[in-house]
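As a plain string of letters, each chain reads:
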Amino acid sequence: MNTKEQRIKIAVQKSGRLTDHSLDLLERCGLKFTQSKDQLFCYGENMPVDLLLVRDDDIPALVSDDVCDLGIVGLNVVEEKRLQFENNGGEGQFDRVFQLDFGHCHLAIAAPEAASYDGVASLQNTRIATSYTGILTDFLARNNIQAEIVYFSGAVEIAPKLGRADFVCDLVSSGATLSANQLREVETVFESEAVVIQTRAPLSDLKQEWVARILQRLDGVLQVRESKYIMLHAPRAALAEITRLLPGSEFPTVIPLEGQPDKVAVHAVCREFVFWETLENLKSAGASSLLVLPVEKMLA
Ligand code: PRP
Ligand code: ZN
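Bear in mind the structure is a predicted one, so any value in this text is a computation, not a measurement.

**Let's talk about the sheet that holds strand β9 (residues 148-151)**
Item 1. Strand order in the open sheet made by the five strands is β9-β8-β10-β7-β11, with mixed pairing throughout. If you trace the sheet from one side to the other, it starts and ends with β9 and β11 (183-192), each paired once. The sheet shows a mean angle of 30° between the axes of neighbouring strands, taken without regard to direction.
Item 2. Pairing of strand β8 (residues 127-130) with strand β10 (residues 167-172) involves three bridges; the strand directions are parallel. Residue pairing for β10: A129 is matched across the bridge by V168.

This is the structure:
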């Protein structure tokens, strides 16, 4: 096996809603990379990890075909491709291995604002435009609805105006696209967020080691996102109450304070967002010298 094959390849969306966040996340995992002139390839300088920047719709197939070992992509795309493989009598050779908790959006059926809608039965014998034929077919079957699915590869939202469909089934994030086209959501079909998928092709030990390391670092990055390190002074007598008030922290470190037998210093990692109210409550319980610091890295 040559050395090139020992490098991990991660497929990332080239330009779109997931791009910046995906690259930022990988940088936080310690990856430094240089981008090729055509901006389609990022070479990892400090780890054997390279990025391929591609259309999001292509990511599941690239991972399934073992061109890439990992991919960062929306669950909507993963599920659509999984169903397409299944409908063709096959199986996508990839597994979802990690949820990234960003890129939250959902696939929804939307109707022209003026049209009446009275539950899924209103979809019976209508035409629905979508790029997500697999997920929509599945949804309609589960709801016993017969409808014509009109495939659009993009700009689905204009289908009703063109007279090509009665409804659309498309991805909704902010909702701006729907309202700009006088459409309103009537059914949620599928909830999505960014996930990591991994090829089912066997990896060399070295590659497997790096994949495990990347996933562990991603986990660390996600865990610290809302975490804060809190330091405060507390009267010994109030320790139980103060510990109870610390959000998402089970075992604070309690340190004696020189020359202050009745007081201790308390240090704790809080794994939930720390609100001003929490600090005010801690102060009311007797805490003083409160400090809240960001947590940069964490390895459980
Ligand atoms: C989706 C969808 C809409 C838009 C909705 O496209 O097709 O056009 O996003 O987002 P909004 O609710 O914030 O307006 P996407 O960016 O995924 O492009 P793609 O389908 O070409 O990948
Ligand atoms: Zn796309």
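**Topic: the environment of T133**
Item 1. As for its placement among the helices and strands, T133 is situated in helix α4 (residues 133-142).
Item 2. The contacts of T133, once residues within four sequence positions are left out, are E80, I149 and Y151.

**Some details on the site of ligand 1**
Item 1. For ligand 1, the full set of nearby residues is R17, D56, E157, D170, L171, V172, S173, S174, G175, A176 and T177.
Item 2. At 2.8 Å from an oxygen atom of ligand 1 is found a side-chain nitrogen or oxygen belonging to D170.
Item 3. T177 places a side-chain nitrogen or oxygen 2.5 Å from an oxygen atom of ligand 1.
Item 4. Isolated, ligand 1 exposes 510 Å² of accessible area, and the fraction of that covered by the protein chains is 65%.
Item 5. Its atoms largely coinciding with the cavity grid, ligand 1 occupies the largest pocket.

**Here we look at the side chain of Q198**
Item 1. With respect to the helices and strands, the residue Q198 is situated in strand β12 (residues 194-199).
Item 2. Among residues more than four places away in sequence, those in contact with Q198 are V63, D69, L70, Q93, F94, D95, V97, L203, Q208 and V211.

**Here's the deal with the coordination of the zinc ion (ligand 2)**
Item 1. Taken together, the protein ligands of the zinc ion (ligand 2) are D56 (OD) and D57 (OD), with distances of 2.2 Å.
Item 2. For D57, a relative accessible area of 30% gives the class partly exposed.

**Brief notes about the packing of aromatic side chains**
One pair of aromatic rings is described through two measures. These are the centre distance and the angle between the planes.
Item 1. What the rule picks out here adds up to two aromatic pairs.
Item 2. Ring plane angle 75° and centroid distance 6.0 Å describe the contact between Y117 and F167, whose orientation is recorded as edge-to-face. Remark: F167 occurs in strand β10 and Y117 occurs in the loop between β7 (105-112) and β8; sequence separation between them is 50 residues.
Item 3. Taking NZ or CZ as reference, R213 lies 4.4 Å from the ring centre of W210, over its face.

Conventions we followed
- Residues numbered from 1 in each chain as written.
- Chains lettered and ligands numbered in written order.
- Predicted model: local features only at pLDDT ≥ 70, side-chain atom pairs only at ≥ 80, totals over all residues.
- Heavy atoms only, no water.
- Pairing = 2+ DSSP bridges.
- Helix = DSSP H or I, 4+ residues; strand = E, 2+ residues; numbered from the N terminus.
- Axes fitted to C-alpha atoms, helices over the stretch in contact; angles between N-to-C directions.
- Contact = heavy atoms within 4.5 Å.
- Near = heavy atom within 4 Å.
- Polar contact = N/O pair within 3.5 Å; in protein donor to acceptor, adjacent residues only side chain to side chain.
- Areas by Shrake-Rupley, 256 points an atom, 1.4 Å probe, with all protein chains shown as cover.
- 1 Å grid on protein atoms, 1.4 Å probe; cavity = no way out; pocket = protein on both sides within 12 Å on 5 of 7 lines; lining within 4 Å.
- Sits in = over half its atoms within 2 Å of the grid points.
- Donors = N, O, S within 2.8 Å, 3.2 Å for Na, K, Ca; no water.
- Buried < 20%, exposed > 50% of the residue type's maximum accessible area, 1.4 Å probe, protein only.
- Phe/Tyr/Trp six-rings, centres within 6.5 Å; stacked < 30°, edge-to-face > 60°.
- Lys NZ or Arg CZ within 6 Å of the ring centre and 35° of its normal.

All quantities given are derived from atomic positions and should not be read as evidence of function.
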